[in-house]
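Listed below are the residues making up each chain.
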Amino acid sequence: MPFDEFVNWALYDSEIGYYQKPTTRVGKNTQADFYTSTSLFKPVWAKLLIDSCCKLLGKHNPKDFIFIEIAAEPDRSSLDKKAHPFKEMKTIRLGDDLDIPEKAIVFSNEWLDAQPFKRFRFDTESKQWQEIGVKLVGKIWTEENLPINENATVITKNFPKDYKIPYTIDWTTGAEKILNSLVQLNWNGLFLTFDYGLNSQRILRDFPEGTARSYQNHRMCADILNNPGMQDITCHICWDSLQEILINNQFININLQNQESFFMNHGQRAIKSIIENPESNEEFLGSLKELIHPQHLGHKFQALYGHRGI
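Computed from a prediction, not measured in an experiment: that's the story for all the values here.

Analysis parameters
Residues numbered from 1 in each chain as written. Predicted model: local features only at pLDDT ≥ 70, side-chain atom pairs only at ≥ 80, totals over all residues. Heavy atoms only, no water. Axes fitted to C-alpha atoms, helices over the stretch in contact; angles between N-to-C directions. Helix = DSSP H or I, 4+ residues; strand = E, 2+ residues; numbered from the N terminus. Parallel < 35°, antiparallel > 145°, perpendicular 65-115°, else oblique. Left-handed = near helix turned anticlockwise from the far one by under 90°. Contact = heavy atoms within 4.5 Å. Pairing = 2+ DSSP bridges. Core = buried A, V, L, I, M, F, W, Y, C linked by side-chain atoms within 4.5 Å. Buried < 20%, exposed > 50% of the residue type's maximum accessible area, 1.4 Å probe, protein only. Disulfide = S-S within 2.5 Å. Nonpolar A, V, L, I, M, F, W, Y, C, P; charged D, E, K, R; others polar.

1. Let's talk about the packing of helix α5 (residues 173–183) against helix α7 (residues 239–248)
Contact pair α5 / α7: the axes reach a minimum separation of 10 Å and the direction vectors enclose 20°. Comparing the axis directions of α5 and α7 gives the class roughly parallel. Where α5 crosses over α7, the two elements pack in a sense that is right-handed. Across from Ala175, Glu176, Leu179, Asn180 and Val183 in α5, the residues of α7 making contact are Ser241, Leu242, Ile245 and Leu246.

Written as structure tokens, this is what we have:
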């Protein structure tokens, strides 16, 4: 099967899918596989997020907008039980329709990197890009070249062809597809997503083995075909292509910043209130440092945002 179909099956199949299982995936405990800003630093994260969204709305009243969070873990959300200035807060979880109200703040955290992706490898003899598929041999999943097809040719047409090695590219076709589905709906407001990604130049030049990896029990592994359904599978999204999708769907003021820069520019009031509040304990201050310090999550994640119709 094509690589993206394997990833989709391993992550979302109704019987074995990693994200379908009622298990603990997120957190710092040994039973979890990874942690996110939302799950680990919830009170501080919520304050920073609310303040930043209000600032990005500019002259517009937050009470006119419904805050939509996409792909939160079961029974969790960024603003859960947190006082907020928005008209309402709704959460879209796995299996729910992308139902977006007319005026909305659409937010996601590590949603786009959880989408299926295709894998391509450069053939140094033919100087052509080869789409990679996945095949079950006995009980072992292995990679296999797929027949040339028009869809793969369209995706790879702008990939370089001057490599001296069999360079591998993991391309987030699933992220492009789901973002297109979201922004083609009839709504206006603010789009904001946090994730880890790279620009196309770095994907095409700096990662010869590709960017895909898996996570299980907080350990990263390059063997992403092993134990499907038992581990998270992800790869770096391409920010250039996602920004282009926003541009093509009438978004303006599109910007990409690392997490540190984003919160330092848009969450200043929240940061100040946390630092100056005499009731802020070491845990609160430590959480703030983890979220914005460049040696922690401040540079690991980026924020992409844009406005439409406001």
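2. Regarding the sheet that holds strand β8 (residues 188–195)
The strands that make up a sheet pair up through hydrogen bonds in the backbone, lying either parallel or antiparallel. Taking strand neighbours across the sheet as the criterion, the six strands line up as β2-β1-β3-β8-β15-β14 in an open arrangement whose pairing is mixed. Of all the strands in the sheet, just β2 (88–92) and β14 (252–258) have a single pairing partner and so form its edges. Adjacent strand axes in the sheet meet at a mean angle of 15°, parallel and antiparallel pairs treated alike. Pairing analysis gives five bridges linking strand β1 (residues 66–70) to β2, with the strands arranged parallel. Its bridge partner lying in β2, Phe67 is registered against Met89. Its contacts with the sheet place helix α8 (residues 259–266) against β8, β14 and β15 (302–308), and it is angled at close to 120° to β14.

3. Some words on the nonpolar core
In terms of nonpolar packing, the biggest core is built from 29 residues, with Leu49, Leu192 and Phe194 touching the most fellow members. Counting only elements with at least two residues in this core, the list comes to α3 (42–57), β3 (103–109), β8, α8, α9 (268–276), α10 (282–292) and β15. At 10 residues, the largest contribution of residues to this core is made by α3. Beyond its immediate stretch of four places on either side in the chain, Phe194 contacts Trp45, Leu49, Phe107, Ser108, Asn109, Glu110, Gln259, Phe262, Phe263, Gln302 and Ala303.

4. Some remarks on the state of the cysteines
Evaluated as defined, the whole model comprises zero disulfides. Unpaired in terms of disulfides, Cys54 finds its nearest cysteine sulfur in Cys53, a separation of 7.0 Å. Cys221 forms no disulfide, and the closest cysteine sulfur to it belongs to Cys235, at a distance of 15 Å.

5. A few points about the packing of α9 against α10
How two helices pack is summed up by the angle between their axes together with the distance between the axes. Packing of α9 against α10 brings their axes to within 9 Å, and their N-to-C directions diverge by 145°. Remark: the crossing between α9 and α10 carries left-handed chirality. Residues Ile271, Ile274 and Ile275 of α9 pack against Phe284, Leu285, Leu288 and Ile292 of α10. Among the residues forming the contact of α9 with α10, the class breakdown is seven nonpolar, no polar and no charged.

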